[in-house]
Amino acid sequence: MPGIIDRYRDYLGIPNIPAITLGEGHTPLISWATWEQSDIFLKLEGTNPTGSFKDRGMTVAVSVALSEGAQAVICASTGNTAASAAAYAGRAGLPAFVVAPKGRITQEKMLQALVHGATFLTVEGNFDAALAVVRATAQANPAIALVNSVNPWRLRGQETGAYEIVDELGQAPQALVLPVGNAGNISAYFQGFRRYGRGIPHMFGIQAQGASPLVAGYDFENPETIASAIRIGKPASKHLAQEAVAQSNGAFLAVSDEAILQAQRELARGGVFVEPASATAYAGLKVLREQKRLPAGPVAAILTGTGLKDGDTPRRWVDVKTQSTDADHLEGTIRALLKEGTVHVAH
Ligand code: AN7
């Protein structure tokens, strides 16, 4: 299956340039549960080539940058953008500079950027500070392409998540629930549903309480949450996101770190391992259910990234224990555990 550029080139409106692709997109939309009148679907964006939804935007941003003669790409990142930029730049044969808030991104995401050959730079402060210096650097150096979601090609590529949902359901869902950090993805999905012309869902943007400027209505100087990917206090696409929510009659909601961990656990016990930022969407979905705000019909939550990139966080709730056994005793051990009822899958 080709990547999103060759599948949706007409809708994307990109010129006839070669696609720098790793086969991103066509991610699973799984039927998860039926809650009262709502059919809950989960879109597993962690199955993209670098483990997050960022690949949809990155394939377009890097393809355009290369065709326009860029000599390098640069981004600020809480981790996933860095990993994606590094991978696609590697595919394109371009150097990548990734700038992250010092000590604030997971080891796995840092390693991803490094194995793909990116130069990894850190700055004191948070993501918002990193984005500010990266924007200034790109502005002063036209040969360095900025591949954060302030690059409109990134959002254009991320629209394809909406196209895929419509292709699969035959129409837009009644509601779409997704985590919000820098607010690019919610803006892209809204744009995508609009362009595709098969209905627009109520857009629900979920933020972590300690980093919830769109719920509070003011920027956060010191955003703090366990969901490091969305630890962002001044969302760059704030206005687009506000428009998406207002025009679709949706809402922004905040959920606590505790609710995020509980959501991560619940998904994982059901077979779906996502990172905390993505579990935020599921936590929001649960709040909407409790408040009886879920519309009847299909409702989709975007689970933006795999859990494998943040091995530390689940240690807060998972019981890390193994039992040693040997060939002679394995069957007896399992039989005893099953009898005790101590091994079971609990939602
Ligand atoms: C898993 O990588 O901002 O609201 O620098 O990694 O479009 O920012 C990541 C964001 C949700 C929020 N889920 O999306 C970055 C970065 C995951 C993420 C978001 C991010 P936006």
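Conventions adopted
- Residues numbered from 1 in each chain as written.
- Predicted model: local features only at pLDDT ≥ 70, side-chain atom pairs only at ≥ 80, totals over all residues.
- Heavy atoms only, no water.
- UniProt positions renumbered as here; feature names shortened; annotations may be inferred.
- Helix = DSSP H or I, 4+ residues; strand = E, 2+ residues; numbered from the N terminus.
- 1 Å grid on protein atoms, 1.4 Å probe; cavity = no way out; pocket = protein on both sides within 12 Å on 5 of 7 lines; lining within 4 Å.
- Contact = heavy atoms within 4.5 Å.
- Buried < 20%, exposed > 50% of the residue type's maximum accessible area, 1.4 Å probe, protein only.
- Near = heavy atom within 4 Å.
- Polar contact = N/O pair within 3.5 Å; in protein donor to acceptor, adjacent residues only side chain to side chain.
- Areas by Shrake-Rupley, 256 points an atom, 1.4 Å probe, with all protein chains shown as cover.
- Sits in = over half its atoms within 2 Å of the grid points.
- Pairing = 2+ DSSP bridges.
- Axes fitted to C-alpha atoms, helices over the stretch in contact; angles between N-to-C directions.
- Expected span 1.5 Å × (residues − 1).
- Domains from an automatic or database assignment.
- Buried area = accessible area lost by both parts, 1.4 Å probe.
- Salt bridge = Lys/Arg side-chain N within 4 Å of Asp/Glu carboxyl O.

Draft legend 1. Up close: the UniProt feature "domain: Tryptophan synthase beta chain-like PALP" (unreviewed entry) in the chain. Under the present numbering, the feature "domain: Tryptophan synthase beta chain-like PALP" (unreviewed entry) in UniProt falls on residues 20–305. For the annotated span residues 20–305, helix accounts for 43% and strand for 20% of the residues, and the straight-line distance between the end C-alpha atoms is 21 Å.

Draft legend 2. Highlighting the UniProt feature "binding site: pyridoxal 5'-phosphate" (unreviewed entry) in the chain. Those residues carrying the UniProt feature "binding site: pyridoxal 5'-phosphate" (unreviewed entry) are Asn80, Gly181, Asn182, Ala183, Gly184, Asn185 and Thr304 in this numbering. The largest pairwise C-alpha distance within this set of annotated residues, which runs over 225 residues, is 14.3 Å, so the set is compact in three dimensions. Of the residues annotated just before, the largest cavity has Asn80, Gly181, Asn182, Ala183, Gly184, Asn185 and Thr304 among its lining. Here glycine 181 lies in the loop between strand S7 (175–179) and helix H8 (184–196). Excluding residues within four positions of it along the chain, glycine 181 makes contact with Gln207, Ile230, Ile232 and Pro235. Secondary-structure assignment places asparagine 182 in the loop between S7 and H8. With a relative accessible area of 10%, asparagine 182 lands in the buried category.

Draft legend 3. Region of interest: the site of the ligand. Residues in close proximity to the ligand total 23 residues, the closest being Asn80, Asn182, Ala183, Asn185 and Thr304. Asparagine 80 places a side-chain nitrogen or oxygen 2.7 Å from an oxygen atom of the ligand. Here glycine 181 contributes a backbone N or O atom positioned 2.8 Å from an oxygen atom of the ligand. For the ligand, the accessible surface in isolation is 480 Å², of which the surrounding protein chains cover 99%. Under a 2 Å grid-point criterion requiring more than half of the atoms, the pocket assigned to the ligand is the largest cavity. Those elements that provide at least two residues to the shell around the ligand are helix H3 (80–92), H8 and helix H12 (276–290).

Draft legend 4. Spotlight on the sheet that holds strand S10 (residues 297–303). Strand order in this open sheet of six strands is S1-S2-S10-S7-S8-S9, and the pairing throughout is mixed. Only two strands of the sheet have a single neighbouring strand rather than two, namely strand S1 (29–35) and strand S9 (251–255). Strand-to-strand twist in this sheet, taken as the mean axis angle between neighbours without regard to direction, amounts to 25°. As judged from the six bridges shared by S1 and strand S2 (residues 38–44), these two strands associate in the antiparallel manner. Counted as the bridge partner of serine 31 is phenylalanine 41 from S2. Against the sheet, H8 touches S2, S7, strand S8 (202–208), S9 and S10, its axis set at about 170° to S8.

Draft legend 5. Highlighting H3. Spanning 13 residues, H3 covers 18 Å between terminal C-alpha atoms, matching the ideal 18 Å at 1.5 Å per step. The element H3 is extensively covered by neighbouring structure, given that eleven of its 13 residues are classed as buried. Among the residues of H3, Asn80, Thr81, Ala82, Ala83, Ser84, Ala85, Ala86, Ala87, Tyr88, Ala89 and Ala92 are the ones counted as buried. Contacts made by the buried residues of H3 are with helix H2 (54–67), strand S3 (72–76), strand S4 (96–101), helix H4 (107–115) and helix H6 (152–158).

Draft legend 6. Focus on the domain arrangement of the chain. We note that the domain assignment places domain 1 (4–52 + 153–314) and domain 2 (55–150) within the chain. The C-alpha-based centres of domain 1 and domain 2 are spaced at 21 Å. On the side of domain 2, 35 residues touch domain 1, which itself brings 45 residues to the contact. Taken together, the two surfaces of domain 1 and domain 2 that pack against each other cover about 3,200 Å², and 54% of this comes from carbon and sulfur. Where domain 1 touches domain 2, the interface holds four salt bridges.

Draft legend 7. Inspection of the sheet that holds strand S5 (residues 119–123) at higher detail. Taken together, the four strands give an open sheet; going across it, the order is S5-S4-S3-S6, and neighbouring strands pair in parallel fashion. The open sheet has two edge strands with one neighbour each: S5 and strand S6 (144–146). Here the strands of the sheet are splayed against their neighbours by 25° on average, with no regard to which way each runs. Alignment of S4 against S5, held across five bridges, turns out to be parallel. Within the sheet, the bridge partner assigned to proline 101 lies in S5 and is valine 123.

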